[in-house]
Amino acid sequence: MQVSMTVNGRTRTADVEARTLLVHYLREQLNLTGTHVGCETSYCGACTVLVDGKATKSCTVLAVQAEGADVTTVEGLANGELHPVQEGFWERHGLQCGFCTPGMIMSAVALLNENDNPSEDEIRHGIEGNLCRCTGYHNIVRSIEYAAATMRGEDPPASQWKDES
Amino acid sequence: MTAGVIGKAIRRKEDPALIQGKGLYTDDMKMAGMLHAAFVRSPFGKARIVGIDASAAMAIEGVHAVYTADDVRDLGPLLAQVAIGALRPLLADGVVNHVGEAVAMVVASDRYIAQDGTKAVDVDYEPLEAVVDLEDAASDRVIANDSNESNVIHVWEVGDADAVAAARASEGAIEVSVKMINQRLIPTAIEPRSALADYNAGYGSVTLYSSSQIPHAVAGAIGKTFGLTSNNVRVIAPEVGGGFGAKLNYYAEEALVTFASRELGSPVKWTETRREASVATIHGRGWVGTATIIGTSDGKILAYELDALSDMGAYTQNFTVAIPLLGQYVAPGQYDIPIHWKIGCVVTNAPTTDAYRGAGRPEAIFYLERIIDAFARQIGMDPADVRKKNFFEEFPAATAAGMLMDSGDYRANLDKLLELADYQGLRQKQEEARKEGRNIGIGLSTYVEVCGFGPSALAEGGFSWAAYGLPAAFNGSGLVRVNPDGTATVMIGTGPSGQGHETTWAQIVSDALGISVDNVQVRHGDTRDSPMGIGTFGSRSLAVDGSATAQAAEKVRTKAARVAAHMLEASPDDIEFADGGAHVAGSPDKTVTWAEIAEVSYQPHRLPEGMEGGMEANAVFSPANATWPFGSHLAVVEVDDTTGDVVLMDYFAMDDCGNVINPMIVDGQVHGGLAQGISQALFEHAIFDEDGNLLTGSLLDYPIPTAGDLPSFQLDRTTTPTDVNPMGVKGIGEAGTIGSAQTVVNAVIDAVAHMGVTHIDMPLRPKRVWQAIHRNGG
Amino acid sequence: MFPRQFEYVAPASLDEALSALASTPGAKVMSGGQSLIPMMKLRLFSPGTVIDIGRIDGLADIVEKDDHISIGALVRHNQTASDPTVAAHAKALSQAAGWTGDHQVRNRGTTCGAMAHADVAADQPAAAIALGATMMARSSSGQREIAASDFFVDALTSALSEDEILVELRVPKASNGSRSAYDKLGRRGGHTDYAVAGIAAWVNVGDDGSVTDARIGVTGVGTRPTLAEAAAASLIGTDGGEESIRAAAGLVTDGITVIEDLYGSVEYKTHLAQVFTERALQQALAG
């Protein structure tokens, strides 16, 4: 079947099988390998992308369902410079192995688009659909707090680390 | 020296690629003509394979091949370092011994068709009786794997049974004994395993991309399996999406895609699905045992005893049988007490167990610290005071497990934790809450960890990769090269999966050479380029490979000082390195940049007479001993006695990993370790039915924690350097996990002890907590 | 991870969808796909044809009518959870939708889809039952109404026939004295994940403060979301005080076959159903 959608601002058209999952279309056919696959039960969220602005698990959407949609993947986030959420993850050590990170970042972007000043509790529940096995989430929460502050035009909360030399 | 590089929270060099989705993991790799493999796996805990009919699969358009045991038998079984007990055949040969065992491999033009192919392979099984319960298996009522004579394939034992008997018989001895389960876990790195092999018969060599913590060891093993010399095997572990010990194995799938690539003349890739990961990748933990403390009413511990069984699963893999031994090393924890510790290694019809974050040490510390808590409760003494009363106070400390612990200051560490958490204040709050009918609990644990393996001589005792055809001891190595433009490239043989080696190693080299961290690139994970390394596991990389790198940097520095002295017409002894170059001590204007030093170094005619050109050095480091990080943790929980629901309210960790290179990265390691230990306490459990079916084979049923399940953690450190390596570092990868599960359990028991509960087996799911309370009429 | 091959049709109108459904044996209707696609990936379920109703106009709205709120087949969980009209008239459904899945799943999964999927531990069915909602089932031969309490037949089995699509959920609007609440223990603890036990309570309180009507929907503990009739009946005519709440809670699993699973024994799940009956009733009665 032919499917056509906008991915990171470009119109992409391709032939796919009906059963092709959106994540496989992005990864295999468009070579956008930043979107990852960590499970098949719609739990881990590593495959999260924005579909028409909403955080979506691209492993639980058929590519053909995304016909006509506007899809943003982690590769389409930075606009010449890093997105504040990407910057937050870098500044506050919001990632270790990096595998869950693209999906986590996309969820955080969606969260902050809906709520520009989330509490810690709102952040934690807002990213419940994304599993991370490395960070214990502590620094992911700090990263999102950093991004939220900078997106509001405020100074980010102070870093937790002091030099130990 | 470049001021402040060591000990500084420098943001990671790894991150720009990863946060932009540009990091490349194995499944992201594509090769021309690449085929995809998928596996037919056993649906039975134990069964005879009566026949395999692959004709329908072969008839599917796009299926290239179906392989079974007949095709790969001559490659031998999967190699293992500690080869006690039956080894795993690459594909099941006549019998399957656990659910998920690979029976056939389908290779197809894409992964959807490969999956279609697996469903079309008709395997005729005759189910046999399986055994999964540890104690049942230990009785040998049913032999799990008929290649073994008994399910108990080994017993580890240490300590002094007579001393325990004497303590038991002594006057006034109080004995507390609890049988406890340390449940089987599924490691669950978010990146499933993946392997891509390209066997080029023309070159007579193979390139294997693999999501592995041990690229050099896998290269050795592939060479041994396929009869290739090590210089014809190149293993690349690109970005690795979490390992936690589960990628510290040579796996059958790595051999099988290599085999298929050789047979078909095309690159072959396999990527695990999550459900597949739950049965094809190693599991961890899986102990049942009775822990006993014999002590006196004043809190003095006279003896500690553990009598336990450990679940090996159906086949012995890499370190399977040695995992309890790692636990044995830390059996007495921080305490100067006699012990008798015995653990049987039991084969069951379940996936193989092996190293999972902590690997034996979390289990050992769990039993010890749970039973000390029970003892404290029995004698009515504060659990912090009981611990303090039995600490080792002098170092190095010779333990009852026959170990020599390098350095420590346990009392100061625990005191600092209690201060951080405001322990007395918490106890008051607990009392006030109790009056309101709220069940607040405070749990404590201390721990020691043994890591940083290891001394070369341990190779005599099996600490090497000799079985993988790689007869190197657990050394570390580092190669530091200053390039002609004055930047540095560091090549290491570690296999990181998120630990931040590129940043930490850059800090080490920057500190030594004065080249900015930005101008130091660290390369790892490609066996063709990197010096011999044995991988990243057991919290060893910094202490061993990091030390080697520091030594290599020191060699470069020494040579560079001579070059700079030659250029500046000064004595090498007066050369100092800082801010991207070298200068003469006391004369900051007499400076050469690293680019200038490098230029001269790569134009040997400009070097001092007799000096070799270039600017690089390699070092191999073998430490004098393992390192012994330690720490103490405190958890605060609230238990809803109506539902049994547990909320972890606060968590405090006071770890001591010696000197710290990057506190941000160290904290991150602790956070992640805590999450995994806490998750063992509260959430995770690989549950099998009696036929060996895994009931928790997806993330739906195997709940690893979400952000909403955990609090923010409160960390601090004490710093007690070691003298077994030049940087005084110990290791931090596993500390959080080793310290945490029992801390949470102790807190929950503390919350519900007033209702008569003395123990609840992990995970402390609401149903178990409620049942424990309810059983006592609470 | 890789579904079997299937035919995919994405009709532009409901009529087209209904005729495709009528003429294609074994076809499966998909709205958000958040339950169906995972099952297809695991090959637990492999329909020959998937009829994607996601492109049909006019099904994605929540509309306030005279006596009910209409929730269209394509209304997402997050829409249901955040809609002020739903919150005002059907608090239990609003809460249940907010505790369904996670953020991404709620962005895509639909309230009606969750009903049609009929998972034994889903949240929103309990609310639909307690609220006395009506399922509007349409086929090419017409439309029929199915009471929510008759809709959940068995595990993963609804009263829809093979040629029917659940096009709309109708939730009665609250009168002056009626209110509702949903509470549960999730599988991860707290409200997270599917319900180990979940209770939706709806009450109508008269001017004198007595309970004039009540319905209690139970999920998670049995083989299907069920009305707890004896418990609700016991409340009617009482003052809705602590004692009558406790008495009702004690009856909540009457007539329900409680099933043991990974998350609890029969005894524990029975107990939880009672606990959350108390909690949901307290919240509902507190307004």
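Being a predicted model, the structure only gives us computed values, none of them experimental.

**Structural notes on the overall build of chain B**
In step 1: Secondary structure summary: chain B contains 20 helices and 30 strands in total.
In step 2: The globule rule puts the C-alpha radius of gyration for 778 residues at 28 Å, and the 27 Å found for chain B is close to it.
In step 3: With respect to the principal axes defined by its C-alpha atoms, chain B has extents near 85 × 75 × 45 Å.
In step 4: Residues classed as buried in chain B amount to 67% of the 778 residues present.
In step 5: Put simply, of all contacts in chain B between residues at least 6 apart along the chain, 80% involve residues at least 24 apart.
In step 6: Roughly 24,300 Å² of accessible area belongs to chain B as shown, and the carbon and sulfur atoms make up 48% of that amount.

**Quick word on the environment of glycine 408 of chain B**
In step 1: Secondary-structure assignment places glycine 408 of chain B in the loop between β17 (404–405) and α13 (410–421).
In step 2: Given a relative accessible area of 17%, glycine 408 of chain B falls into the buried group.

**Things to note about the interface of chain B and chain A**
In step 1: With 66 residues of chain B at the interface, the matching set in chain A holds 56 residues.
In step 2: Counting the surface lost from both chain B and chain A, the interface buries some 5,100 Å², and carbon and sulfur atoms represent 54% of this.
In step 3: When the area that chain B buries against chain A is broken down by residue, the three leading residues are Ile19, Tyr112 and Ile190 of chain B, summing to 15%.
In step 4: Put simply, arginine 111 of chain B and glutamate 28 of chain A hold a salt bridge, and the shortest N to O gap is 3.1 Å.
In step 5: Our count for the contact surface shared by chain B and chain A stands at 37 residue pairs in polar contact (both at pLDDT 80 or more).
In step 6: Contributions of two or more residues to the side of chain B that touches chain A are made by α1 (15–19), α4 (111–120), α9 (274–280), α18 (663–682) and β30 (713–717) of chain B.
In step 7: Residues belonging to the side of chain B that touches chain A are distributed by class as follows: 29 nonpolar, 20 polar and 17 charged.

**Quick look at the sheet that holds strand β1 (residues 7–9) of chain C**
Residues and elements named next belong to chain C.
In step 1: With respect to topology, 3 strands assemble into an open sheet ordered β1-β3-β2, the strand pairing being parallel. Two strands in the sheet have a free side with no partner beyond their single neighbour: β1 and β2 (27–30). Shown here is a sheet whose adjacent strand axes are inclined to one another by a mean of 20°, direction ignored.

**Observations regarding the sheet that holds strand β3 (residues 48–51) of chain A**
Residues and elements named next belong to chain A.
In step 1: One open sheet accounts for 5 strands, arranged β2-β1-β5-β3-β4; its pairing is mixed. Each of the sheet's edge strands pairs with one partner strand only, and the pair in question is β2 (10–15) and β4 (54–57). This sheet shows a mean twist of 40° between the axes of neighbouring strands, independent of strand direction.
In step 2: Bridge analysis of β3 against β4 gives 4 bridges, and the strand direction is antiparallel. Following the sheet pairing, leucine 50 is matched in β4 by alanine 55.
In step 3: Each of β1 (2–7), β2, β3 and β5 (70–72) touches helix α1 (residues 22–29); the most contacted strand, β2, lies at about 100° to it.
In step 4: Where helix α3 (residues 101–114) meets the sheet, its contacts fall on β3, β4 and β5, and the angle it forms with β3 comes to roughly 40°.

**Details of the nonpolar core**
In step 1: Core analysis: the largest hydrophobic core is formed by 221 residues, its most contacted members being Phe89 of chain A together with Tyr304, Trp341, Trp465 and Leu634 of chain B.
In step 2: For this core, the leading source of residues is helix α11 (residues 361–379) of chain B, giving 11 residues.
In step 3: Here phenylalanine 89 of chain A is in contact with Gly94, Leu95, Thr101, Met104, Ile105, Ala108, Ile140, Ser143 and Ile144 of chain A together with Asp15 and Ile19 of chain B, once residues within four sequence places are set aside.
In step 4: Counting 39 residues, the second largest nonpolar core, distinct from the first, contains Leu513, Ile515, Val517 and Phe577 of chain B.

**Quick notes on the domain arrangement of chain A**
Residues and elements named next belong to chain A.
In step 1: Taken domain by domain, chain A holds domain 1 (2–76) and domain 2 (84–151).
In step 2: Here the C-alpha centre of domain 2 lies 21 Å away from the C-alpha centre of domain 1.
In step 3: With 16 residues of domain 1 in contact, the opposing surface of domain 2 contributes 12 residues.
In step 4: Taking both partners together, domain 1 and domain 2 bury about 1,100 Å²; carbon and sulfur atoms supply 64% of that area.
In step 5: Interface area lost by domain 1 to domain 2 is led by His36, Thr48 and Val74, which between them contribute 39%.
In step 6: For the pair domain 1 and domain 2, the number of links is 0 salt bridges.
In step 7: Those elements that place two or more of their residues in the side of domain 1 that touches domain 2 are β3 and β4.
In step 8: Ranked by the residues each element gives to the side of domain 1 that touches domain 2, the list is headed by β3, at 3 residues.
In step 9: Residue composition of the side of domain 1 that touches domain 2, grouped by class: 8 nonpolar, 7 polar and 1 charged.

**Regarding the packing of helix α16 (residues 541–568) of chain B against helix α17 (residues 594–601) of chain B**
Residue and element names in this part refer to chain B.
In step 1: Where α16 meets α17, the axes come as close as 10 Å, and the angle between the chain directions of the two elements is 90°. Classed by the angle they form, the pair α16 and α17 counts as roughly perpendicular. Contacts between α16 and α17 involve Val556, Ala560, Val563, Ala564 and Met567 on the former and, on the latter, Trp594, Glu596, Ile597, Val600 and Ser601.
In step 2: For the contact of α16 with α17, the class distribution of residues is 8 nonpolar, 1 polar and 1 charged.

**A closer look at the packing of helix α7 (residues 215–226) of chain B against helix α8 (residues 252–264) of chain B**
Residues and elements named next belong to chain B.
In step 1: Packing of α7 against α8 leaves a shortest axis separation of 11 Å and a crossing angle of 50°. Classified by the angle their axes make, α7 and α8 are oblique. The interaxial crossing formed by α7 with α8 has right-handed handedness. Side by side, α7 and α8 meet where Val218, Ile222 and Phe226 of the first sit next to Glu254, Ala255, Thr258, Phe259 and Arg262 of the second.
In step 2: Of the residues belonging to the contact of α7 with α8, the class tally is 5 nonpolar, 1 polar and 2 charged.

Thresholds, definitions, all that
- Residues numbered from 1 in each chain as written.
- Chains lettered and ligands numbered in written order.
- Predicted model: local features only at pLDDT ≥ 70, side-chain atom pairs only at ≥ 80, totals over all residues.
- Heavy atoms only, no water.
- Helix = DSSP H or I, 4+ residues; strand = E, 2+ residues; numbered from the N terminus.
- Rg over C-alpha atoms; globule rule 2.2 N^0.38 Å.
- Buried < 20%, exposed > 50% of the residue type's maximum accessible area, 1.4 Å probe, protein only.
- Contact = heavy atoms within 4.5 Å.
- Areas by Shrake-Rupley, 256 points an atom, 1.4 Å probe, with all protein chains shown as cover.
- Buried area = accessible area lost by both parts, 1.4 Å probe.
- Salt bridge = Lys/Arg side-chain N within 4 Å of Asp/Glu carboxyl O.
- Polar contact = N/O pair within 3.5 Å; in protein donor to acceptor, adjacent residues only side chain to side chain.
- Nonpolar A, V, L, I, M, F, W, Y, C, P; charged D, E, K, R; others polar.
- Pairing = 2+ DSSP bridges.
- Axes fitted to C-alpha atoms, helices over the stretch in contact; angles between N-to-C directions.
- Core = buried A, V, L, I, M, F, W, Y, C linked by side-chain atoms within 4.5 Å.
- Domains from an automatic or database assignment.
- Parallel < 35°, antiparallel > 145°, perpendicular 65-115°, else oblique.
- Left-handed = near helix turned anticlockwise from the far one by under 90°.

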